[in-house]
Amino acid sequence: MEVSAEIVRLRLAETFVISRESQDWADVVHVTIAHDGHVGRGEAAPIERYGETAVSALGFVEQHSHLVGDDPFALEEIEARLAALEGEQAAKCALDAALHDLQGKLLGAPVWKLLGLPPFGPPTSWTVWLGDPDDMARRAAAAAPRFRRLKLKLGGGDGLDIERVRAVRGVTDLPLQVDVNEWWTLDEALDACGELARLGVEYVEQPLREGDRDGAELRRRSPLPVYVDEDCHTLADVAACRAVAHGINIKLAKSGGIREAIRMAHAARALGLGVMIGCMVESGLGIAAGCTVAPLCDHVDLDGNLLLAKDPAPGPRFVDGLQCSSDEVGLGCG
Ligand SMILES: [Mg+2]
């Protein structure tokens, strides 16, 4: 198989802000794998938090492209060869997605059908980026008619996080979820979670720092379900999450692809954990891969392509709050 890759810059319709950073564009890597007259495509959305960039992802794909071998159906073997190399999960995800896309094209079927799953999961949340309470309420009100749940980014570090949720609750009855991106201490989390529960928030995502030793105590005492994101990357992390959380947030850019994400979802179920799938800023190509896993999840946060000023690789359809996989072959992004 012949592998090639390039960096693609995604422009956001609006600047976004979370507790760690703000930006108005994101660089991803598009990978193509040519084989037998067909071309499979996948996207890497590197997460800087874990030391990955579009440049490092591109370098990984170019340096290790020979590891995909000659059989696009030998996913287990290809994955084992890639897993022997440290890090660069987004690059591995792009290769995994491109192989799934290629399989679909070779067999003339959409990937969701190959996986034996329906073309959509629960409605996606829409992310309301961190801002002043009034600003978040304004943006939530503007988005609410198109969505069936909202995810609020918290972690302002200014004592106003509850006010942010209260302000948004004042403009919409939609289910709310919050993502703190590691910003709270145990005491802050315990203080906040009672009030968030009263405001009808469904769960709190990653309130504490990754690996925070207070996680088990928060899980025991929190009136709200806790989902972990930064604490849960691959299958190897899932069992330990049971001690500190009620659910996990899977992202393909962390797991290294669809195949590992599906393993994680099933492992989480066996442990009694809730399952969510999230995303980064991604084009339709990245979101299309996430959509294939969404039917296995309780919560879906696949809005990355909806944030873009222009999607360079559209595929999934956004219908009535749902991200639906395309009926086209492969991942359906051409
Ligand atoms: Mg998160």
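Structure's up top.
So, a few notes on the structure that sits alongside this text. (Residues numbered from 1 in each chain as written. Predicted model: local features only at pLDDT ≥ 70, side-chain atom pairs only at ≥ 80, totals over all residues.)

Mapped onto the elements, Leu 85 comes out in the loop between helix H2 (75–83) and helix H3 (89–107). With 69 residues separating them in the primary sequence, Leu 85 and Leu 154 have C-alpha atoms 34 Å apart. (Helix = DSSP H or I, 4+ residues; strand = E, 2+ residues; numbered from the N terminus.)

Within helix H6 (residues 161–169), burial applies to Asp 161, Arg 164, Val 165, Ala 167, Val 168 and Arg 169. Contacts made by the buried residues of H6 are with strand S4 (126–128), helix H5 (133–143), strand S5 (150–153), strand S6 (176–179), helix H7 (186–198) and strand S7 (201–205). (Buried ≥ 20, exposed ≤ 12 C-beta atoms within 10 Å, placed from the backbone. Contact = placed C-beta atoms within 7 Å.)

This part takes up the nonpolar core. Counting residues in hydrophobic clusters, the biggest one holds 96 residues, and the most contacted among them are Val 29, Val 31, Ala 44, Val 61, Ala 94, Val 168 and Ile 248. It is H3 that provides the largest number of residues to this core, a total of nine residues. Taken domain by domain, this core gets at least three of its residues from each of domain 1 (2–108) and domain 2 (114–324). (Core = buried A, V, L, I, M, F, W, Y, C linked by C-beta atoms within 7 Å. Domains from an automatic or database assignment.)

Once that is clear, we can look at the sheet that holds strand S2 (residues 22–35). Read from one edge of the open sheet, three strands run S1-S2-S3, paired in antiparallel fashion. Looking at the sheet topology across the chains shown, the edges are occupied by strand S1 (2–17) and strand S3 (38–44). Neighbouring strand axes in the sheet, compared pairwise and without regard to direction, differ in orientation by 25° on average. Bridge analysis of S2 against S3 gives seven bridges, and the strand direction is antiparallel. Bridge pairing links His 35 to His 38 in S3. Each of S1, S2 and S3 touches helix H1 (residues 54–64); the most contacted strand, S2, lies at about 10° to it. Along the sheet, helix H12 (residues 284–293) makes contact with S2 and S3, crossing S3 at roughly 90°. (Pairing = 2+ DSSP bridges. Axes fitted to C-alpha atoms, helices over the stretch in contact; angles between N-to-C directions.)

Bear in mind that shape data such as this cannot, by itself, settle questions of function.
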